[in-house]
Amino acid sequence: MTERIITYAEAIREAIGQAMEADESVFMLGEDIGVYGGAFGVSGDLYHRFGEERVRDTPISELGIVGAAVGAALVGMKPIVEIQFSDFTAQAMDQIVNQAAKIHFMLGGELSVPMVLRAPSGSGTGAAAQHSQSLESWFAHVPGLKVVLPSSPADAKGLLLSALDDPNPVIVLEHKLLYKTSGHVPEEMYRTPIGVSNVVRNGTDLTIVATGVMVSRSVEAAEQLASAGIEACVIDVRTLSPLDMDPINASIAETGRLMLVQEAPKHVGFMAEVAARVSEGPAIYSLTEPVLRLCGMDVPIPYAPQLEKSVVPQLDDIVEGAKNLVRGV
Amino acid sequence: MATITPLFAPEQGTISANKEAASASLESLLAIRFFEEAVDGLFARGLMHGTMHLSIGQEAVATGVCAALRKTDYITSTHRGHSHCIAKGADLTRMMAELLAKQTGYCRGRGGSMHIADVETGNLGANGIVAGGIPIAAGAALAQKMQGRDNVVVSFFGDGATNEGAFHEALNLAAVWDLPVVFVCENNKYGMSFSTTKSMKVEKISERAAAYGLPGVTVDGNDVDAVFEVAKEAVERARVGGGPTLIECLTYRHKGHSKSDKNLYRTKEEIEFWKTKDPVGIFETRVIESGQLTAEEVEQLTQKVRDAVRLAIQEATQAPDSDPAELLSSVFRQVS
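Position labels on residues start from 1 in each chain and follow its written sequence. Whichever chain is written first is A, and whichever ligand is written first is 1; the rest continue in order. In keeping with the model being predicted, local features are shown solely for residues with a pLDDT of at least 70 and side-chain atom pairs are shown and tallied solely at 80 or more, while totals for entire chains, interfaces and linings include all residues. The side-chain figures draw on all heavy atoms in the structure; neither hydrogens nor water molecules are used.

## What to know about the overall build of chain B
For the purposes of this entry, the term helix denotes a DSSP run of H or I that reaches at least four residues, the term strand denotes a run of E that reaches at least two, and both are numbered from the N terminus. Within chain B, the regular secondary structure consists of 11 helices and 7 strands. Over its C-alpha trace chain B gives a radius of gyration of 19 Å, about what one expects of a compact globule, namely 20 Å for 336 residues. Projected onto the principal axes, the alpha-carbon positions of chain B cover approximately 55 × 50 × 45 Å. Throughout, exposure labels follow a simple rule: accessible area from a 1.4 Å probe, protein chains only, divided by the maximum for the residue type, with under 20% read as buried, over 50% as exposed, and the rest as partly exposed. Counting the 336 residues in chain B, one finds 57% classified as buried. Any two residues whose heavy atoms approach within 4.5 Å are treated as being in contact. Considering only contacts within chain B whose residues lie at least 6 apart along the sequence, 73% involve residues at least 24 apart. For chain B, the exposed area adds up to about 13400 Å²; of that, 52% sits on carbon and sulfur atoms. Positive charge is attributed to Lys and Arg, negative charge to Asp and Glu, and no charge count is given to His or to the chain ends. Charged side chains are reduced to one point each, which is NZ for Lys, CZ for Arg, CG for Asp and CD for Glu. Averaged over its 34 positive side-chain charges, chain B has a centre that lies 4 Å from the centre of its 42 negative ones. For the radius of gyration, the atom set is restricted to C-alpha positions; the globular benchmark scales as 2.2 Å times the number of residues to the power 0.38. To be clear on the numbers: accessible area is Shrake-Rupley with a 1.4 Å probe, and residue cover counts the displayed protein chains and nothing else.

## Remarks on the sheet that holds strand β7 (residues 245–250) of chain B
Residues and elements named next belong to chain B. Taken together, the 5 strands give an open sheet; going across it, the order is β1-β2-β3-β7-β6, and neighbouring strands pair in parallel fashion. The open sheet terminates on both sides in strands that have one partner only, identified here as β1 (74–76) and β6 (216–220). Pairwise comparison of adjacent strand axes, ignoring direction, gives a mean angle of 20° for this sheet. Pairing between strands is defined by DSSP: at least two bridges between them are needed. Strand direction decides the pairing type here: strand β3 (residues 181–187) and β7, joined by 6 bridges, are parallel. The residue of β7 that forms the bridge with Glu-186 is Cys-249. Strands in contact with helix α2 (residues 59–67) are β2 (153–158), β3 and β7; relative to β2, the strand with the most contacts, it is inclined by about 170°. The strands that helix α6 (residues 165–176) touches are β2, β3 and β7; relative to β3, the one it contacts most, it runs at about 150°. Every angle, taken between N-to-C directions, lies between 0 and 180 degrees, and every axis is a line fitted to C-alpha atoms, over only the stretch in contact when it is a helix.

## Section: empty space enclosed by the protein
Grid spacing is 1 Å over the protein atoms alone, the probe is 1.4 Å, and a cavity is where that probe fits but cannot get out, while a pocket is an open set with protein on both sides within 12 Å along at least five of seven lines and lining residues have an atom within 4 Å of a point. Grid points are joined across faces, edges and corners, and a volume is the space filled by probe spheres set on the points. Using the criterion set out here, one finds 4 cavities of 30 Å³ or more in the structure. A volume near 100 Å³ is recorded for the largest cavity. In terms of lining, the largest cavity is formed by 15 residues, of which the most central are A:Leu149, A:His175, A:Gly212, A:Val213 and A:Glu263. When the residues that make up the lining of the largest cavity are grouped by side-chain class, the tally is 5 nonpolar, 7 polar and 3 charged. Residue assignment places the lining of the largest cavity across two domains, with domain 1 (5–184) and domain 2 (198–327) of chain A each supplying three or more. In this structure, the second largest cavity encloses a volume near 80 Å³. Every residue lining the second largest cavity is listed: A:Leu74, A:Gln99, A:Ile103, A:Met106, A:Leu107, B:Thr76, B:Leu124, B:Gly125, B:Ala126, B:Asn127, B:Gly133 and B:Ile136. Residue assignment for the lining of the second largest cavity shows that the elements contributing at least two residues are α5 (103–106) of chain A together with α5 (133–146) of chain B. Charged means Asp, Glu, Lys or Arg here, nonpolar means Ala, Val, Leu, Ile, Met, Phe, Trp, Tyr, Cys or Pro, and polar covers whatever is left, Gly included. When the residues that make up the lining of the second largest cavity are grouped by side-chain class, the tally is 7 nonpolar, 5 polar and no charged. Domain segmentation is taken from an automatic or database assignment of domains.

## Thoughts on the pattern of salt bridges
Residue and element names in this part refer to chain B. When a carboxyl oxygen of Asp or Glu is within 4 Å of a side-chain nitrogen of Lys or Arg, the pair counts as a salt bridge. If you walk through the whole model with that rule in mind, you get 31 salt bridges over all chains. Taking the shortest distance from any N to any O, the salt bridge between Arg-110 and Glu-326 comes out at 2.9 Å. Of this pair, Arg-110 sits in the loop between α4 (92–99) and α5 while Glu-326 sits in the segment after α11 (295–318); the two residues are 216 residues apart in sequence, bridging distant segments of the chain. A salt bridge links Lys-232 to Glu-236; its shortest N-O distance comes to 3.9 Å. Placement of both Lys-232 and Glu-236 in helix α8 (residues 224–239) is noted, with a separation of 4 residues, approximately one turn of the helix. On the basis of relative accessibility, which here comes to 22%, the residue Lys-232 falls in the partly exposed class.

## Structural notes on the interface of chain B and chain A
The interface is formed by 38 residues belonging to chain B together with 43 residues belonging to chain A. Regarding the contact of chain B and chain A, the summed buried area is about 3400 Å², with carbon and sulfur atoms giving 65% of it. Throughout, the accessible surface (probe 1.4 Å) given up by two parts as they are put together, summed over both, is called the buried area. It is B:Met146, B:Phe332 and B:Arg333 in chain B that bury the most area against chain A; as a group they hold 21% of the surface buried on that side. Taken together, the links from chain B to chain A amount to 1 salt bridge. Under this definition, polar contacts are N or O atom pairs within 3.5 Å; protein pairs additionally need one hydrogen-donor-capable and one acceptor-capable atom, and for neighbouring residues in sequence, both atoms have to be side-chain atoms. If you look at where chain B meets chain A, you find 15 residue pairs in polar contact (both at pLDDT 80 or more). Of all the secondary structure elements, the ones that give two or more residues to the side of chain B that touches chain A are α5 and α6 of chain B. Here the residues of the side of chain B that touches chain A are counted per class, giving 21 nonpolar, 12 polar and 5 charged.

## Remarks on the packing of helix α1 (residues 8–22) of chain A against helix α2 (residues 46–54) of chain A
Residue and element names in this part refer to chain A. Their axes nearest at 11 Å, the elements α1 and α2 cross at an angle of 55°. By the angle class used here, α1 and α2 are oblique. Seen from above, α1 lies across α2 with left-handed handedness. Here Arg-13, Ile-16, Gly-17, Met-20 and Glu-21 of α1 come into contact with α2, specifically with Leu-46, Arg-49, Phe-50 and Arg-54. Here the residues of the contact of α1 with α2 sort into 4 nonpolar, 1 polar and 4 charged. We call two directions roughly parallel when the angle between them is under 35 degrees, roughly antiparallel when it is over 145, roughly perpendicular when it lies between 65 and 115, and oblique otherwise. The crossing is said to be left-handed when, going from far helix to near helix, the turn is anticlockwise and less than a right angle, and right-handed when the turn is clockwise.

## Describing the environment of A:Glu273
You can see A:Glu273 is positioned in helix α10 (residues 270–280). Taking the C-alpha atoms as reference points, A:Glu273 and A:Ser137, separated by 136 residues in sequence, lie 9.5 Å from one another.

## Brief notes about the environment of B:Ala90
Residue and element names in this part refer to chain B. By the element assignment, Ala-90 lies in the loop between α3 (82–87) and α4. For Ala-90, a relative accessible area of 1% puts it in the buried group. Counting along the chain gives 32 residues from Ala-90 to Gly-122, while the straight-line C-alpha distance between them is 9.6 Å.

## Considering the pairing of β7(B)
Residues and elements named next belong to chain B. Counting buried residues in β7 gives 5 out of 6 residues, a clear majority hidden from the surface. In the sheet, β6 pairs with β7 via 5 bridges, with the strands oriented parallel. Residue Val-219 lies in a different strand from β7, and its bridge partner there is Cys-249. Looking down the strands as they point away from the viewer, one classifies a crossover as right-handed if the path from the first strand across the helix to the second runs clockwise. Note on the crossover from β6 through α8 to β7: the handedness is right-handed.

## Quick word on α4(B)
Residue and element names in this part refer to chain B. Among the 8 residues of α4, 7 are classified as buried, and the element is accordingly described as predominantly covered. Among the residues of α4, those classed as buried are Leu-92, Thr-93, Met-95, Met-96, Ala-97, Glu-98 and Leu-99. Elements that come into contact with the buried residues of α4 comprise α1 (19–44), α3 and α11. The N-cap residue of α4 is Asp-91: its side-chain oxygen and the backbone nitrogen of Thr-93 are 2.9 Å apart.

## Examining the domain arrangement of chain A
Residues and elements named next belong to chain A. Domain annotation of chain A identifies domain 1 (5–184) and domain 2 (198–327). Relative to domain 2, the C-alpha centre of domain 1 lies at a distance of 26 Å. In this assembly, 24 residues from domain 1 lie in contact with 24 residues from domain 2. Carbon and sulfur atoms supply 57% of the area buried between domain 1 and domain 2, which totals about 1800 Å² over both sides. On the domain 1 side of the interface with domain 2, the three residues burying the most area are Ser-123, Leu-149 and Ser-151, jointly 24% of the side's total. Applying the counting criterion to the domain 1 and domain 2 interface returns 1 salt bridge. Among the elements of the structure, α6 (136–140), β6 (146–148) and α7 (153–165) are those that each provide at least two residues to the side of domain 1 that touches domain 2. Looking at the side of domain 1 that touches domain 2, its residues break down into 11 nonpolar, 10 polar and 3 charged.

So this is what it looks like as structure tokens:
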């Protein structure tokens, strides 16, 4: 049987469609997700399949949208919020951080907020500083939020279905450069567990830990490295909160070298947490070289294509970084 | 457990014209008053920590509005939320236990005064963020509509909240979706220290409803009957699909904003003036003068509520302290 190949955006749409068929309490709300089909085409034909009640276009009102989702989630619905660009979550932070994340704990445990918030993240589209950020560490820093960054079509579907099963708020940051990428995605409703890192490629010379679009970029780099005789293990953290360090620690024990790749700015970024966790445990004794963090520059994402590329790690940067690490340069 | 008689709407007419409804409403007014006076006292004696926001002087709003609600209707509340919680039917013991940092409190000691919720009575939670509960109320109302239920959601908030973006966004959403929600503004004239005469250009907050195509009404928030009347109309309209209403209740808090308030922004004369418009006293006088309750019955009711508050303090005091051992496992609801 041939593998079914669909895009990342189609995989997300399929997950939402299957969830809505299986569970009447699941509905979508967001800006231009109806007839328009979503700014990145993710909701597509869902409006025509499920109608305007369940694929609910909203005014441009991010705080109101997320607040409405929180309220609906409190009384038995399972809302999927689409925030058009992850940057716009800044407009909705009170409801995400002060309300959704804290209600279960703060109110004593009887209530919970089974809300899924999806948002396109990252740079590479020429959309400049207010439409290109990678804000995952904001959310990962807040107790009470689960944070998921699917890096493949299969994970986009499986993680979203897990997020919908979860009785807690889950932030799903999709990378906009991945929407049109394709891969094998099973048709059935399968779940990719939240809280399990994914070893994408095995290798014994160095460990590359990556998130989002940096995963496929790191795999491509690993293939180039292989032809130069360097075997890289590539691990997709996949869910930032909760974070699964086990495969990372296990790989470091084999490789002795650790390279951390993220698109987000370096300063106080998520990979600093990974590095800190490694340094807190026995894995640090396996390291033969200092940890190398390859991150976005600490600048807003610029517009011009050559500027935009220069501020986030590119394929060549990963290859070169890995070579230097292995050669001890 | 220490509870009071549940509020209810008389089939016809005002609350004070119906003996049972008048009695239940007076119980509610007194319970809010005595609960908060007790809390104030415990705080002053150093037996309660943190801070709290007392609604003494504003009891008629929660009482009049909640009398128009069913048990299955929902509310969202504010940092000044004891009154809403009590009027919706909460257990005074669990409230007091929360304030006393006990394991048996509504939030197991994790939330305190500003975060009490009570699933049993449809209280979706007080809120420490000004206007934080307003979009949540709209969402809960959206869920009622989508689930085909005829419950109504009331969102309580203060005058200060109406200058927040969340107020604007929630009222607009609720309006365009015709949601079964009633927005109840307790205008006590000050957002902390800042007078509404300086924080907004409109004379009445209810005028803001026009911006969303909603009916807006201003009412004497110290008059249970008046509050009930407008709330009942708005709740009935919302219940049958007529959409939201903005109700502005003019009222006043006798105490400061919180425990740190030195009242530098209000005159003694103003506070004294509003004390002459005390909602509890007004209602007591009215029900006695109208003959619905005798002075003796009012006295019995007063004693009953005092006993309930005393029992709440006793039961709460004896409860175990909240337990740090379960904190880490309580951040997320466990996946079943």
